[in-house]
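Remarks on the overall topology
Residue-level listing of the chains:
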Amino acid sequence: MRTIILSLMLFLTSTLSFATEKTMTDTQIKVKLTTTAGEIIIQLNSDKAPTSSANFLTYVNEGFYNGTIFHRIIPGFMAQGGGFDTNFKQKPVHDPIKNEADNGLTNNRGTLAMARTNDPNSATAQFFINYKDNTFLNHTGKNASGWGYAVFAEVIEGMDVVDAMATQATGNRSGHQDVPKTDIVIEKAEVVK
């Protein structure tokens, strides 16, 4: 009987250990963006932003971001990408996702958030990287003016690359403002260990 109880305890301990390891591994997913400006490595926060993280990973795994540009860069604010190719043609996307801006993550310098329209639940593939703490983009309430922008990841390497992107000259292109005059292309987006 003692042996059975001991075996059961060992089994449960190893199962819990495996579950904890798996959860820790799942929440530490990193994605490398190889761009014409340099490499940017981001870490997803699957615990607090599971929908946004899974959505982003779907686009990464499909190769969607490969060949897209950072099409809007405003120094001291943010760099937005993930929607247009080098011909400034918007790529077709999956259905919009639920806004997770109420997840407790804030739009601090170096974080990534989902871009969207005025509809809080309209985010698809586009994202932006915050150049500073943009507290006015944080969730304050479940209403039109308070929904905020859902943070789902942060830059852990290559923020110097993101900062260098903000030094590029910008202008108007195809009806859009703040577009870099020289394309900053995401050549490849891939999951890394």
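Since the structure is predicted, the reported quantities are computational estimates derived from the model, not experimental observations.

Attention now moves to the confidence of the model for the chain. Chain-level pLDDT for the chain is 89 on average; 86% of the residues reach the 70-or-more range. A low-confidence stretch, residues 2–26 stays under pLDDT 50, and its non-local contacts, those more than four residues away or across chains, total one contact.

Turning our attention to the nonpolar core. Grouped together as the largest cluster of nonpolar side chains are 43 residues, with contacts concentrated most on I42, L44, F56, Y65, F70, F127 and F152. Once residues lying within four places of it in the same chain are set aside, the contact partners of F56 are V31, I42, L44, Y65, F127 and F152. Listed in part, the five residues of the second largest apolar core include I69, F84, F88 and V185.

This part is about empty space enclosed by the protein. Applying the stated criterion across every chain yields a total of one cavity of 30 Å³ or more. Of the volumes computed, that of the largest cavity is approximately 50 Å³. Every residue lining the largest cavity is listed: S52, I97, K98, N99, M114, R116, P120, N121, S122, A123 and A150. Its residues placed into classes, the lining of the largest cavity shows five nonpolar, four polar and two charged.

As a further point, take the sheet that holds strand β2 (residues 38–44). An order of β1-β2-β7-β5-β6-β4-β3-β10 is seen for the eight strands of this closed barrel, with the pairing classed as antiparallel. Going across the sheet, the axis of each strand differs from the next one's by a mean of 35°, ignoring polarity. Alignment of strand β1 (residues 30–35) against strand β10 (residues 185–192), held across six bridges, turns out to be antiparallel. The residue of β10 that forms the bridge with T34 is K188.

For strand β4 (residues 78–85), the tally of buried residues reaches seven of eight residues, placing the bulk of the element in the interior. Of the pairings in the sheet, the one linking strand β3 (residues 68–74) to β4 comprises five bridges and is antiparallel in character. Its bridge partner lying in β4, T68 is registered against D85. Connecting the antiparallel pair β3 and β4 is a turn made up of three residues, with G76 showing a positive phi of about 75°. Relative to strand β6 (residues 127–130), β4 runs antiparallel, the two sharing four bridges. Bridge pairing in β6 links M78 to N130.

Thresholds, definitions, all that
- Residues numbered from 1 in each chain as written.
- Predicted model: local features only at pLDDT ≥ 70, side-chain atom pairs only at ≥ 80, totals over all residues.
- Heavy atoms only, no water.
- pLDDT = per-residue confidence, 0-100.
- Contact = heavy atoms within 4.5 Å.
- Core = buried A, V, L, I, M, F, W, Y, C linked by side-chain atoms within 4.5 Å.
- Buried < 20%, exposed > 50% of the residue type's maximum accessible area, 1.4 Å probe, protein only.
- 1 Å grid on protein atoms, 1.4 Å probe; cavity = no way out; pocket = protein on both sides within 12 Å on 5 of 7 lines; lining within 4 Å.
- Points joined across faces, edges and corners; volume = space filled by probe spheres on them.
- Nonpolar A, V, L, I, M, F, W, Y, C, P; charged D, E, K, R; others polar.
- Pairing = 2+ DSSP bridges.
- Helix = DSSP H or I, 4+ residues; strand = E, 2+ residues; numbered from the N terminus.
- Axes fitted to C-alpha atoms, helices over the stretch in contact; angles between N-to-C directions.

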